[in-house]
Amino acid sequence: MTTIDWNNLGFNYIKTPWRYRMYWKDGQWSKGELTEDSTLQISEASAALHYGQQCFEGLKAYRRKDGKINLFRVDENAKRLNRSATRLLMPTIPEETFIDAVKQVVKANEDFVPPYGTGATLYIRPLLIGVGDSIGVSPAPEYIFTVFCMPVGPYFKGGLTPTNFIVSEYDRAAPQGTGAAKVGGNYAASLLPGKDAHDHKYSDCIYLDPETHTKIEEVGSANFFGITKDNKFITPKSPSILPSITKYSLLYLAKERLGLEAIEGTVKIDELDQFAEAGACGTAAVISPIGGIQYKDNFHVFYSETEVGPVTKALYDELTGIQFGDKKAPEGWIFEVE
């Protein structure tokens, strides 16, 4: 058994015993298997290193009150990885293989799934990279698919606390680019804008649409949502936004569980007055309430800079209740690790 202090985990890499590994060569995937080797041996000429031919996913395993383990909508992570792979001319992973790989890794590292009630989870990182000897700008001749995991603490220490964001002058993605794919290059490009935001004492930056710079697209590496004063849940729609599984789950829950009108549409940066509450959502953060947004010379405050709004709190409770097995899940959302 592990000796981890479950109540004081951060969001950091912790080496766990087992990971899954599978290799693509000569037009087909090898049989995947678990391994204790945490080091990837790859060619110095690998396309992942030179040309960014790689994509990844992020999801979590949740310990229930009865001790069993839940995965949340893992099939959607499989589909999204394959959309990213297709965009980068990489071989796809059969959906059932992806799900089985994740389950194997969680089961093999079961001692590292944090106990129920700690707020901590097991974070799972599937990764697909182009490798092999090829220095030209072309798809790699070989690929590695790996899945590893680590326990992580709750994103919020001390509860849901609103934080402030600033609108960036940088673009996160180009029109018709790779914004909707979960590829490393998108995140590398976000490091400088994120640092600028942190240097000015903001949690992160908000990106506007690259064509007109008038519409909100993403909040750092998360999706934006707002609750209007007339009880509508609105989140941006754009071909440049990463399609967040958390966001689409919240769209469903806002409508079906809270009775809100749920809309995926345009969110203009100069129309923030319509929102009573706002937040960012994603796998790591779940929901991060937005206290205020700095845009040019204007600082717009939503519900409060210190307290989470009631609808945001209700959505958070509904979503996490489903993930940890305390609330009834919509059909097909929960995969139990047996």
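For clarity, every value in this text was computed on a predicted model and none was experimentally measured. (Residues numbered from 1 in each chain as written. Predicted model: local features only at pLDDT ≥ 70, side-chain atom pairs only at ≥ 80, totals over all residues. Heavy atoms only, no water.)

### Considerations on the overall build of the protein chain
Then step 1. Helix and strand content of the protein chain: six helices and 18 strands.
Then step 2. The C-alpha radius of gyration computed for the protein chain amounts to 20 Å, which stays within 12% of the reference 20 Å derived for 338 residues, consistent with globular compactness.
Then step 3. Considering only C-alpha atoms, the protein chain reaches an extent of 55 × 50 × 35 Å along its principal axes.
Then step 4. Contacts in the protein chain between residues far apart in sequence, at least 24 positions, make up 71% of those at least 6 positions apart.
Then step 5. If you sum the accessible surface of the protein chain, you get close to 15,700 Å²; carbon and sulfur atoms cover 49% of it.
Then step 6. Between the averaged position of the 35 positive side-chain charges in the protein chain and that of its 43 negative side-chain charges there is a distance of 3 Å. (Helix = DSSP H or I, 4+ residues; strand = E, 2+ residues; numbered from the N terminus. Rg over C-alpha atoms; globule rule 2.2 N^0.38 Å. Contact = heavy atoms within 4.5 Å. Areas by Shrake-Rupley, 256 points an atom, 1.4 Å probe, with all protein chains shown as cover. Lys, Arg positive; Asp, Glu negative; His and termini not counted. Charge placed at Lys NZ, Arg CZ, Asp CG, Glu CD.)

### What to know about the packing of aromatic side chains
Then step 1. Here the structure, examined in full by the defined rule, presents twelve aromatic pairs.
Then step 2. Relative to tryptophan 333, the ring of phenylalanine 72 lies with its centre 5.6 Å away and its plane at 90 degrees, an arrangement referred to as edge-to-face. Of the two residues, phenylalanine 72 is situated in strand β6 (residues 69–72) and tryptophan 333 in the loop between α6 (310–323) and β18 (334–337); the sequence distance between them amounts to 261 residues. Each member of the pair, phenylalanine 72 as well as tryptophan 333, carries the same accessibility label: buried.
Then step 3. Arranged with centres 5.3 Å apart and planes meeting at 15 degrees, the rings of phenylalanine 225 and phenylalanine 233 form a pair that is stacked.
Then step 4. Given the relative accessible area of 0%, phenylalanine 225 is considered buried.
Then step 5. On the basis of relative accessible area, phenylalanine 233 is assigned to the buried category, the value being 0%. (Phe/Tyr/Trp six-rings, centres within 6.5 Å; stacked < 30°, edge-to-face > 60°. Buried < 20%, exposed > 50% of the residue type's maximum accessible area, 1.4 Å probe, protein only.)

### Some remarks on the packing of helix α2 (residues 74–87) against helix α3 (residues 95–108)
Then step 1. Orientation of α2 relative to α3, taken along the N-to-C sense of each, is 125 degrees, at an axis distance of 9 Å. Overall, the two elements α2 and α3 adopt an arrangement that is oblique. Judged by the sense of rotation from one axis to the other, the crossing of α2 with α3 is right-handed. For the pair α2 and α3, contact is made by Val74, Asp75, Asn77, Ala78, Lys79 and Leu81 and by Glu95, Phe98, Ile99 and Val102, respectively. (Axes fitted to C-alpha atoms, helices over the stretch in contact; angles between N-to-C directions. Parallel < 35°, antiparallel > 145°, perpendicular 65-115°, else oblique. Left-handed = near helix turned anticlockwise from the far one by under 90°.)

### A closer look at the pairing of strand β7 (residues 121–131)
Then step 1. Of all the eleven residues making up β7, ten are buried; the element is thus mostly covered by neighbouring parts of the structure.
Then step 2. Bridge count between strand β4 (residues 54–56) and β7: three bridges; the pairing is antiparallel. Its bridge partner lying in β7, phenylalanine 56 is registered against leucine 127.
Then step 3. Relative to β7, strand β5 (residues 59–63) runs antiparallel, the two being bridged by three bridges. Bridge pairing in β7 links lysine 60 to tyrosine 123.
Then step 4. For β7 and strand β8 (residues 142–152), the ladder comprises eleven bridges, and the chain directions are antiparallel. By the bridge assignment, tyrosine 123 is partnered in β8 with methionine 150. (Pairing = 2+ DSSP bridges.)

### Topic: the layout of surface pockets
Then step 1. Each pocket or cavity is described by its volume, and for the largest pocket that value is around 930 Å³.
Then step 2. Lining of the largest pocket is provided by 38 residues; of these, Tyr155, Ser221, Ala222, Ala284 and Ala285 occupy positions nearest its centre.
Then step 3. The set of elements that each furnish at least two residues to the lining of the largest pocket consists of β7, β9 (163–167), α4 (184–199), β10 (204–208), β12 (222–228), α5 (245–256) and β15 (275–282).
Then step 4. For the lining of the largest pocket, the element with the most residues is α4, which contributes five residues.
Then step 5. When its residues are assigned to classes, the lining of the largest pocket shows 17 nonpolar, 16 polar and five charged. (1 Å grid on protein atoms, 1.4 Å probe; cavity = no way out; pocket = protein on both sides within 12 Å on 5 of 7 lines; lining within 4 Å. Points joined across faces, edges and corners; volume = space filled by probe spheres on them. Nonpolar A, V, L, I, M, F, W, Y, C, P; charged D, E, K, R; others polar.)

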